[in-house]
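As a plain string of letters, each chain reads:
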Amino acid sequence: QVQLVESGGGLVQPGGSLRLSCAASGSIFSIDRMAWYRQAPGKQRELVATITAGGSTNYGGSVKGRFTISRDNAKKTVYLQMNSLKPEDTAVYYCNVDRMYLATGTGYDYWGQGTQVTVSS
């Protein structure tokens, strides 16, 4: 069974930093695009950042210059380094994979359980 497990969320003061991790587990050969989304209370889920298997990245406008997405293909893990955090970054952050090549075939659209990030003084 394939799972995405996130970690690293928590409470941080404005201007602080956090690093989120998302590890994929299961009989996985390789992973295509990995991404982070977030959803604040009363708002729609929004794209934070994406990274392809080759390392190409893309960021949502509100986090450019502050957040950095990276991945370790050998560990099947994606990271989100968040710096200069603002109260408006408060949300549940979700890891997403669009496609995985598995021992049993190809799987699509996987989501983690979410990790809470709260930015407050």
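The paragraphs below set out a description of the structure included in this document. (Residues numbered from 1 in each chain as written. Predicted model: local features only at pLDDT ≥ 70, side-chain atom pairs only at ≥ 80, totals over all residues. Heavy atoms only, no water.)

Below, the discussion takes up the state of the cysteines. All told, the structure shown has one disulfide when counted by the stated rule. Between the sulfur atoms of cysteine 22 and its disulfide mate cysteine 95 the distance is 2.2 Å. Across the S-S bond linking cysteine 22 and cysteine 95, the dihedral sits near -80°, which makes this disulfide left-handed. Here the residue cysteine 22 occupies a position in strand E3 (residues 18–25), and cysteine 95 occupies one in strand E10 (residues 91–102), the gap between them amounting to 73 residues. (Disulfide = S-S within 2.5 Å. Helix = DSSP H or I, 4+ residues; strand = E, 2+ residues; numbered from the N terminus.)

For the rest of this paragraph, the subject is the pattern of salt bridges. It is possible for side chains of opposite charge to pair when their charged atoms get near one another. One pass over the full model with this rule turns up four salt bridges. Linking aspartate 89 and arginine 38 is a salt bridge whose minimum nitrogen-to-oxygen distance equals 2.9 Å. With aspartate 89 in the loop between strand E9 (77–82) and E10 and arginine 38 in strand E5 (residues 34–39), this residue pair connects regions lying 51 residues apart in the sequence. Classification of arginine 38 by relative accessible area gives buried; the value is 5%. (Salt bridge = Lys/Arg side-chain N within 4 Å of Asp/Glu carboxyl O. Buried < 20%, exposed > 50% of the residue type's maximum accessible area, 1.4 Å probe, protein only.)

What follows deals with the nonpolar core. Grouped together as the largest cluster of nonpolar side chains are 32 residues, with contacts concentrated most on Trp36, Leu80, Met82, Tyr93 and Met100. With six residues, E10 is the largest single contributor of residues to this core. Apart from residues lying up to four places away in sequence, methionine 100 is in contact with Val2, Leu4, Ala24, Ile28, Ser30, Ile31, Gly105, Thr106, Gly107 and Tyr110. (Core = buried A, V, L, I, M, F, W, Y, C linked by side-chain atoms within 4.5 Å. Contact = heavy atoms within 4.5 Å.)

Next up on the list: the sheet that holds strand E1 (residues 3–7). Pairing is antiparallel across the open sheet formed by four strands, whose spatial order is E1-E3-E9-E8. Both edges of this open sheet fall to E1 and strand E8 (67–72), since each of them pairs with a single strand only. Direction aside, neighbouring strands of the sheet carry axes that sit 15° apart on average. Alignment of E8 against E9, held across six bridges, turns out to be antiparallel. Residue pairing across strands places arginine 71 opposite valine 78, the latter belonging to E9. (Pairing = 2+ DSSP bridges. Axes fitted to C-alpha atoms, helices over the stretch in contact; angles between N-to-C directions.)

This brings us to the pairing of E1. Of the two faces of E1, only the one carrying Leu4 and Glu6 is buried; Gln3, Val5 and Ser7 on the other face are not. Relative to E3, E1 runs antiparallel, the two sharing five bridges. Within the sheet, the bridge partner assigned to glutamate 6 lies in E3 and is cysteine 22.

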